[in-house]
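So the chains spell out like this:
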Amino acid sequence: MSVSDDTNRRGPPAMMLGIESSCDETACAVLDGEGRVRAEIVASQIADHAPFGGVVPEIAARAHLAALAPMVRAALAEAGIAARDLSGIAATVGPGLIGGLIVGAGFAKGMALATGAAFYAINHLEAHALTARLPGIAARAPDFPYLLLLVSGGHTALIAVEAVGRYRRLGTTLDDAAGEVFDKVAKLLGLGYPGGPALEALATEGNPARFTLPRPLLGRAGCDFSFSGLKTAVAQIVSRLPPGSLPRGMAADIAASFQAAVVEAMADRLSHALAMMPESTCVVVAGGVASNRAIRGRLEATATAGGLTLIAPPLRLCTDNATMVAWAAIERRRAGYSADDLAARCRPRWPLDGAVQSLIAGKAVSVAV
Ligand code: KG4
Ligand code: ZN
């Protein structure tokens, strides 16, 4: 069952539907062939998972299943098009929680089969990596190669984005992801889920110099990250306090001290990555953690010190969304990659370095350039 490339198949504008369901956001978006957003809808499942203090994969998959069909219908209506007007349908097929991936990819494949649109199997990390090139994000779309810092609940990586489909991982976390450690420390401080935004708010009231916490891997060669030692240090401080609820002032000082340690460690890792990639044209940040003002401000200063601009997409495109999925498909199509086979598999693990490899065992993806 092979699907041909859809370039100009139905004449411009070639509408692309994007579907994202790899974690706890169900999202869909419609973009025209130039990357203009015609519809964008995101449904967060935070309320479904909050009672459990984290994402429950089975609940996530069922919530995606319930949300997707009406959401796609609403997105098509918002874009003012019918399903048959779509020339391409793109879905995240990895990395992520397998249940949600199967729901989103299965839905997209079914629609592609029914409408004759081309199917694009998108790597979620590639979608984050290319978002900054979406028209309207930066005054001028960043040229390749650029340095990407991806800091989300599931991923922490510094990546050289060399071209569409060509990525080189410079560094990653050796243990927890950045967002994960914000969530875990927030939990220790008695804050709700997701903890990152609540911890940032609390930190503004606190004294960052109250506790001396480790700066993980500071000054060490390379640009890997590590957060578990920092998390343990916070846990030890909390465990030494008298039982009962933490006084707000104390919690704020811990939050501020923790955030200061993360900020310093991240700036250090970024400056190492910049030295490893002197050809970088700019620095791009993505992922929910990049919305943290203290982190963003320090990363901006680090990039500027290296003579580069920091490009941070607006928050709605930094966190998980489907516009980036549709845009990645448009970028891949423009770069000459063919559409994907309906037999493409979902991959819970799919490192970005292998993004151009085939999803169909033993076959290389054909590149039309
Ligand atoms: O990119 P994202 O929305 O979802 C994925 O993980 O893919 O990132 C969510 C993560 C959560 O761990 C959340 O606590 C963290 O990003 N986060 C923050 C902030 N806002 C969200 N961490 C620190 N400061 C924030 N302001
Ligand atoms: Zn993500």
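Look a little higher up for the structure.
What follows covers the overall build of the chain. A tally of regular secondary structure across the chain gives eleven helices and ten strands. The C-alpha radius of gyration of the chain comes to 21 Å, within 12% of the 21 Å expected for a compact globule of 369 residues. Taken along the three principal axes of its C-alpha coordinates, the chain extends 65 × 45 × 40 Å. Within the chain, the proportion of its 369 residues that are buried is 55%. For the chain, the computed accessible surface area is about 14900 Å², with 56% contributed by carbon and sulfur atoms. Each charge sign in the chain was given a centre, from 33 positive and 32 negative side chains, and these centres are 2 Å apart.

Contacts to ligand 1 come from 17 residues, most closely from Gly153, Asp183, Glu200, Gly288 and Asp320. Interatomic distance of 3.1 Å between a side-chain N/O atom of Asn292 and a nitrogen atom of ligand 1. Compared with its free state, where it exposes 550 Å², ligand 1 has 89% of that area covered by protein. Mapped by element, the contributors of at least two residues to the shell around ligand 1 are α5 (178–188) and α6 (195–203).

Looking now at the sheet that holds strand β7 (residues 156–163). An order of β8-β7-β6-β9-β10 is seen for the five strands of this open sheet, with the pairing classed as mixed. Since the sheet does not close on itself, it has two edges, and those belong to β8 (166–172) and β10 (310–311), each with one partner. Here two bridges tie strand β9 (residues 283–286) to β10, and the two strands are oriented parallel to one another. Looking at β10, one finds that Val284 is bridged to Ile311. Contacting β6 (146–151), β7, β8 and β9, helix α8 (residues 248–276) crosses the sheet at an angle of about 155° to β6.

A few words on the packing of aromatic side chains. Within a pair of aromatic rings, the relevant descriptors are the distance that separates the centres and the angle that separates the planes. Under the criterion given, the structure shown has three aromatic pairs. Between Phe144 and Tyr146, the ring centres sit 5.7 Å apart and the planes meet at 10°, which makes this aromatic pair stacked. A centroid spacing of 5.1 Å and a plane angle of 75° characterise the contact between Phe182 and Phe258, whose relative ring orientation is edge-to-face. In this pair, Phe182 is assigned in helix α5 and Phe258 in helix α8, connecting sequence segments 76 residues apart. Phe258 sits in the buried class, given a relative accessible area of 0%. The ring of Tyr337 has Arg332 lying over it, and the distance from NZ or CZ to the ring centre is 4.3 Å.

What follows concerns unusual backbone geometry. Of note, the bond from Gly94 into Pro95 is cis; its omega dihedral lies within 30 degrees of zero at -15°. By the secondary structure assignment, Pro95 is in the loop between β4 (86–94) and α3 (98–115). The omega angle of the peptide bond from Tyr193 to Pro194 is -5°, so this bond is cis rather than trans. Summarising the element assignment, Pro194 is placed in the loop between α5 and α6. A positive phi angle, near 60°, is found at Leu217, a position not held by glycine. Note that Leu217 resides in the loop between α6 and α7 (228–240).

Okay, the coordination of the zinc ion (ligand 2) next. For a metal with four tetrahedral donors the ideal donor-metal-donor angle is 109.5 degrees, while six octahedral donors give ideal angles of 90 or 180 degrees. Distances from the zinc ion (ligand 2) to its protein donors, His124 (NE2), His128 (NE2) and Asp320 (OD), fall at 2.1 to 2.2 Å. Read N to C, the donor residues that coordinate the zinc ion (ligand 2) are spaced as H-x3-H-x191-D. Of this pair, His128 sits in helix α4 (residues 124–130) while Asp320 sits in the loop between α10 (315–318) and α11 (323–334), and the two are 192 residues apart along the sequence. Judged by relative accessible area, His128 falls into the buried class, the value being 2%. For Asp320, a relative accessible area of 16% puts it in the buried group.

Strand direction decides the pairing type here: β7 and β8, joined by six bridges, are antiparallel. Paired with Ile159 across the two strands is Arg169, which belongs to β8. The antiparallel pairing of β7 with β8 creates a hairpin that spans two residues between the two strands, and Gly165 there sits at a positive phi of about 85°.

Once that is clear, we can look at the sheet that holds strand β5 (residues 118–123). Read from one edge of the open sheet, five strands run β3-β2-β1-β4-β5, paired in mixed fashion. Sheet topology places β3 (37–44) and β5 at the edges, where each strand pairs with a single neighbour. Geometrically, the sheet is characterised by an average inter-axis angle of 15° between neighbouring strands, direction not taken into account. The pairing of strand β1 (residues 15–20) with β4 spans five bridges and is parallel.

The full count for this structure, using the stated rule, is zero disulfides. The thiol sulfur of Cys23 is not disulfide-bonded, and the nearest other cysteine sulfur, from Cys346, lies at 15 Å. Free cysteine: Cys28, not disulfide-bonded; nearest cysteine sulfur from Cys346 at 17 Å.

Examined against the element boundaries, Ala112 turns out to sit in helix α3. Leaving out residues up to four positions away in the same chain, Ala112 has contacts with Ile89, Ala117, Phe119 and Leu342.

Along its 23 residues, helix α2 (residues 57–79) runs 31 Å from first to last C-alpha, staying within 8% of the 33 Å computed at 1.5 Å per residue. Along α2, the sharpest change in direction is near 35° and occurs at Leu68; proline Pro70 comes one to four residues later. Note on α2: the residue one or two positions beyond its end, Gly80, has a positive phi of about 70°.

Rules and cut-offs
- Each chain has its residues counted from 1, following the order in which its sequence is written.
- To read the labels, note that chains go from A and ligands from 1, taken in the order they are written.
- Residue-level local features of this predicted model are given only where pLDDT is at least 70; pairs of side-chain atoms are given and counted only at 80 or more, and the full residue set underlies all totals for whole chains, interfaces and linings.
- Excluding hydrogens and water, the side-chain values take into account all heavy atoms of the structure.
- For helices the rule is a DSSP run of H or I covering at least 4 residues; for strands it is a run of E covering at least 2, with both sets numbered from the N terminus onward.
- The atom set for the radius of gyration is the C-alpha atoms, and the globule formula is 2.2 Å times the number of residues raised to the power 0.38.
- Using a 1.4 Å probe on the protein chains alone, a residue whose accessible area is under 20% of its type maximum counts as buried, one over 50% counts as exposed, and one in between counts as partly exposed.
- The Shrake-Rupley method, run with a 1.4 Å probe sphere, supplies the accessible areas, and residue values consider only the shown protein chains as cover.
- The sign given to each residue is positive for Lys and Arg and negative for Asp and Glu; His and the chain ends receive no count.
- A charge is said to be at NZ when it belongs to Lys, at CZ for Arg, at CG for Asp and at CD for Glu.
- Proximity is defined per residue: any heavy atom of the residue falling within 4 Å of a molecule or strand makes that residue near it.
- Polar contacts here mean pairs of N or O atoms no more than 3.5 Å apart (in protein, one a potential hydrogen donor and the other a potential acceptor; neighbouring residues in sequence count only if both atoms are side-chain atoms).
- Strands are treated as partners if at least two bridges between them are detected by DSSP.
- Here, residues are in contact when the closest pair of their heavy atoms is within 4.5 Å.
- Orientation is described by axes fitted as lines to C-alpha atoms, over the contacting stretch for helices, and by angles from 0 to 180 degrees between their N-to-C directions.
- A pair of Phe, Tyr and Trp rings is counted when the ring centres sit within 6.5 Å of each other, with Trp represented by its six-membered ring. The angle between the planes then sorts it: under 30 degrees is stacked, over 60 is edge-to-face, the rest tilted.
- In this scheme, Lys NZ or Arg CZ marks a charge over a ring once it lies within 6 Å of the ring centre and within 35 degrees of the ring normal.
- Counted as coordinating are nitrogen, oxygen and sulfur atoms within 2.8 Å of the metal, or 3.2 Å for Na, K and Ca, while water is not included, which may make sites look incomplete.
- Disulfides are defined as cysteine sulfur pairs within 2.5 Å.
- A helix is expected to reach a length of 1.5 Å times the quantity of its residues less one.
- Throughout, bend refers to the angle between the axes fitted to the seven residues that end at a position and the seven residues that start at it.

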